[in-house]
Amino acid sequence: MTSLDRAFDELRFGTGHTLNLRALQPTALQAAALAERWLREQQVLGTAEALVITGRGNNSVDGYSPVRESVVRLLPSLRRRNVIAGYAEHTPGSFVVTFAPVKALFETPKRRREKPGPVPRPPTLQGLDEETVRQLRDLSIMSLSVLGLHSPTRLQLEDEMLRQFTVLSAALPEGTDREALLQQAMLLAAEEFEAG
């Protein structure tokens, strides 16, 4: 890759929308976990596209890149789970990823072949800020309305709020202001519901 190509990539993606696994030198397992967490965060932040640099494996044993292969296996799974809308090889050592709308997370089909992630503890909304709960209620009403339920009962609304909270909070990275990211994700999902 020439320096001109790198310059164009920096203009197109910037550092905030580029995950450089080659520079981090993780194991294949670490690379898959890191890439999934980062891609989920980018989706929730409303990123349109991102660049994932894996490297080609030129400095690896037999020229094989386990990091690249783990990302190649991860991407179709993330597409099935509606985290990403698509991906394409950008260079032999990188991929361009386009993101699915946040509201698509609620439409994710269950697959028997994929191992389920860790079962989250039952969520509670009691510790959330009033504004977060209000946004969650509004988003749940929109979601139920799309399903044809225009006057949900209190129990139906609470169940939908917990479902929305569980789905969105699972996509948020640890160690950041998760509630602020949750509010941002809910605003983005609400805009997507209204637009589509």
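Notes on the structure follow. (Residues numbered from 1 in each chain as written. Predicted model: local features only at pLDDT ≥ 70, side-chain atom pairs only at ≥ 80, totals over all residues. Heavy atoms only, no water.)

1. Quick notes on the pattern of salt bridges
Under the criterion given, the structure shown has nine salt bridges. Residues Glu69 and Arg68 are paired through a salt bridge, measuring 3.9 Å at the closest nitrogen-oxygen approach. Owing to a relative accessible area of 27%, Glu69 belongs among the partly exposed residues under this scheme. Several salt bridges converge on common partners, so that one network encompasses Glu36, Arg40 and Arg81. (Salt bridge = Lys/Arg side-chain N within 4 Å of Asp/Glu carboxyl O. Buried < 20%, exposed > 50% of the residue type's maximum accessible area, 1.4 Å probe, protein only.)

2. Topic: the environment of Gly93
Checked against the element boundaries, Gly93 lands in the loop between strand 3 (84–91) and strand 4 (94–99). A residue is classified by how much of its surface remains accessible, and Gly93, at 8% relative accessible area, is buried. Sequence spacing of Gly93 and Arg68 is 25 residues, and the spatial spacing of their C-alpha atoms is 7.4 Å. Apart from the residues lying within four places of it in its own chain, the contact partners of Gly93 are Val52, Ile53, Thr54, Gly55 and Arg56. (Helix = DSSP H or I, 4+ residues; strand = E, 2+ residues; numbered from the N terminus. Contact = heavy atoms within 4.5 Å.)

3. Remarks on a nonpolar patch on the surface
On the surface, a cluster of nonpolar side chains totalling about 370 Å² of accessible area is made up of Leu4, Phe8 and Leu11. Within the secondary structure, Leu11 is located in helix 1 (residues 3–13). (Patch = residues over 30% accessible without salt bridge, like charges linked within 9 Å, V, L, I, M, F, W, Y side chains within 5 Å. Areas by Shrake-Rupley, 256 points an atom, 1.4 Å probe, with all protein chains shown as cover.)

Everything listed is a geometric property; what it means functionally is a separate question.
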